[in-house]
Each structure stands twice: as structure tokens, then as C-alpha cells.
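The residues making up each chain are set out below.
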Amino acid sequence: MRITNQLFFSNTKYNYQTTMNDLYSANKELSSGLKIQNSYEDSGIYVDAMRLDYEVATLEQVKETSSKAQTFANNTDKALNQFIENLDQFKVKTIQAASDSHSATSLDAIADELEALRSSMLDIANTSINGTYLFSGSATNIQPISEDGTYNGNGEELR
């Protein structure tokens, strides 16, 4: 093979263009902060980036779901504590009513207090957060206790 000025010029031109393309790619990476701009530039990096994006979205969803579950559990605990307090008061009032020393007026007052406690317990049993009832099993859109005390929910676990 014969080495001529034309061969030197072609090699130099090729090396210059290759170096300029590499410099342009490096500058594009630095300015954008991205390793690749398009999926065809490096499919391995693109696939890894898409997998990581999916995992980030999944973890954000898990974080949001667990936060909602924590709020649901906290509200359930508060409602149950209020219910226990009302049951204790109900028990005390029924024991008071059982004693023979009360007049009819006093018994009527105790009956009114018991009815108010019953109403309060119904309200607690029908507690809802953003339209989701706490005590209706997995049927969270159904009011669990009707006015007559009938349970309308189901016995399935909420997951």
C-alpha cells in the first residue's frame, strides 16, 4: 500500500471528526446530566433506567399505601378507645339503675343517659374517614351499623 498525502489527510480528517463527535457527546452528557438522551444510544442503560423508574414508582406507592394504613389504624384505635370509655360508662349507669334506691324520675334520667351513650356508640361504630367506614369489614363503603343495631358490614378481613 502506498502512503500519500491524501491518505494522511483522510486519516487526520477521520480522527478529527471522531474526536469532535466524542467531545460533542461528552459535552451533551455534562450539560444535560444524562448518560443517554435516547433509548437507541445505549439500550442497556435505557433498560436499567426504566427498571429503576418502575421500582421508584412501586416504592412510592408502597409508601403511600402504608401511610394510609397507619392513619386507618390510628383512627381505628381512637374510635375503639372511645367505644371502651362509653361501654364503661354504660356499665356504671346500668349498675346504678339496678339499685333499688332510685325514684322514677332518677331512673328516667339514667335511661336518657343510657340512650345518649347508645347513640354515641352507634356514631363511633359508624365512624368513617373520607367515606371509608372503619368497622364494616372489607365492605368499606357500607355503613356498618343501622339505627336498630343491625350489622350491615361483612366479616371479611380488610387487606
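Notes on the structure follow. (Residues numbered from 1 in each chain as written. Predicted model: local features only at pLDDT ≥ 70, side-chain atom pairs only at ≥ 80, totals over all residues. Heavy atoms only, no water.)

Before going further, it helps to spend a moment on helix H3 (residues 104-125). In this model, H3 (22 residues) spans 31 Å end to end at C-alpha, consistent with the 32 Å of a helix rising 1.5 Å per residue. Where the residues of H3 are buried, they touch helix H2 (43-98). (Helix = DSSP H or I, 4+ residues; strand = E, 2+ residues; numbered from the N terminus. Expected span 1.5 Å × (residues − 1). Contact = heavy atoms within 4.5 Å.)

Before going further, it helps to spend a moment on the environment of Leu107. Along the chain, the position of Leu107 falls in helix H3. We classify Leu107 as partly exposed; its relative accessible area is 34%. Once residues lying within four places of it in the same chain are set aside, the contact partners of Leu107 are Ala97 and His102. (Buried < 20%, exposed > 50% of the residue type's maximum accessible area, 1.4 Å probe, protein only.)

To continue, consider the side chain of Thr76. Inspection of the secondary structure assignment puts Thr76 in helix H2. Of the residues examined, Thr76 reaches a relative accessible area of 14% and is grouped as buried. The residues contacting Thr76, other than those within four sequence positions of it, are Leu134 and Phe135.

If a probe as big as a water molecule is rolled over the atoms, it shows which places are left empty. Reported here for the largest pocket is a volume of approximately 350 Å³. Lining the largest pocket, in full, are Thr65, Lys68, Ala69, Thr71, Phe72, Ile129, Asn130, Thr132, Thr140, Leu158 and Arg159. Tallying contributions element by element places H2 first for the lining of the largest pocket, with 5 residues. Of the residues that constitute the lining of the largest pocket, the class distribution is 4 nonpolar, 5 polar and 2 charged. (1 Å grid on protein atoms, 1.4 Å probe; cavity = no way out; pocket = protein on both sides within 12 Å on 5 of 7 lines; lining within 4 Å. Points joined across faces, edges and corners; volume = space filled by probe spheres on them. Nonpolar A, V, L, I, M, F, W, Y, C, P; charged D, E, K, R; others polar.)

Quick look at the side chain of Asn126 now. Tracing the chain through its elements places Asn126 in the loop between H3 and strand E1 (128-129). According to the relative accessible area criterion, Asn126 is buried, its value standing at 13%. Setting aside residues up to four positions removed in sequence, Asn126 forms contacts with Tyr133, Gln143, Pro144 and Ile145.

With that settled, consider the pattern of salt bridges. Applying the stated criterion across every chain yields a total of 5 salt bridges. Between Glu55 and Arg51 there is a salt bridge whose closest N-O contact spans 3.2 Å. Pair noted here: Glu55 and Arg51 are both in helix H2, with a separation of 4 residues, about one helical turn. For Arg51, a relative accessible area of 41% gives the class partly exposed. Ionic pairing is found between Lys68 and Glu64, a salt bridge with its closest N-O pair at 3.4 Å. Linking Lys68 with Glu64, this pair stays in helix H2, spanning 4 residues, or about one helical turn. (Salt bridge = Lys/Arg side-chain N within 4 Å of Asp/Glu carboxyl O.)

Another point: unusual backbone geometry. Backbone geometry at Asn130 places phi at a positive 55°, although glycine is not the residue there. Looking at the element boundaries, Asn130 is found in the loop between E1 and strand E2 (132-133). Judged by its relative accessible area of 78%, Asn130 falls in the exposed class.

With that settled, consider helix H1 (residues 5-32). The terminal C-alpha atoms of H1 lie 40 Å apart, and with 28 residues this matches the ideal 40 Å at 1.5 Å per residue to within 8%. Counting buried residues along H1, only 0 of its 28 residues qualify, which leaves the element largely exposed. Following H1 by one or two positions, Gly33 adopts a phi angle in the positive range, close to 80°.

Together, Tyr16, Met20 and Leu23 make up a nonpolar patch on the protein surface, roughly 340 Å² of accessible area in all. Tracing the chain through its elements places Leu23 in helix H1. (Patch = residues over 30% accessible without salt bridge, like charges linked within 9 Å, V, L, I, M, F, W, Y side chains within 5 Å. Areas by Shrake-Rupley, 256 points an atom, 1.4 Å probe, with all protein chains shown as cover.)

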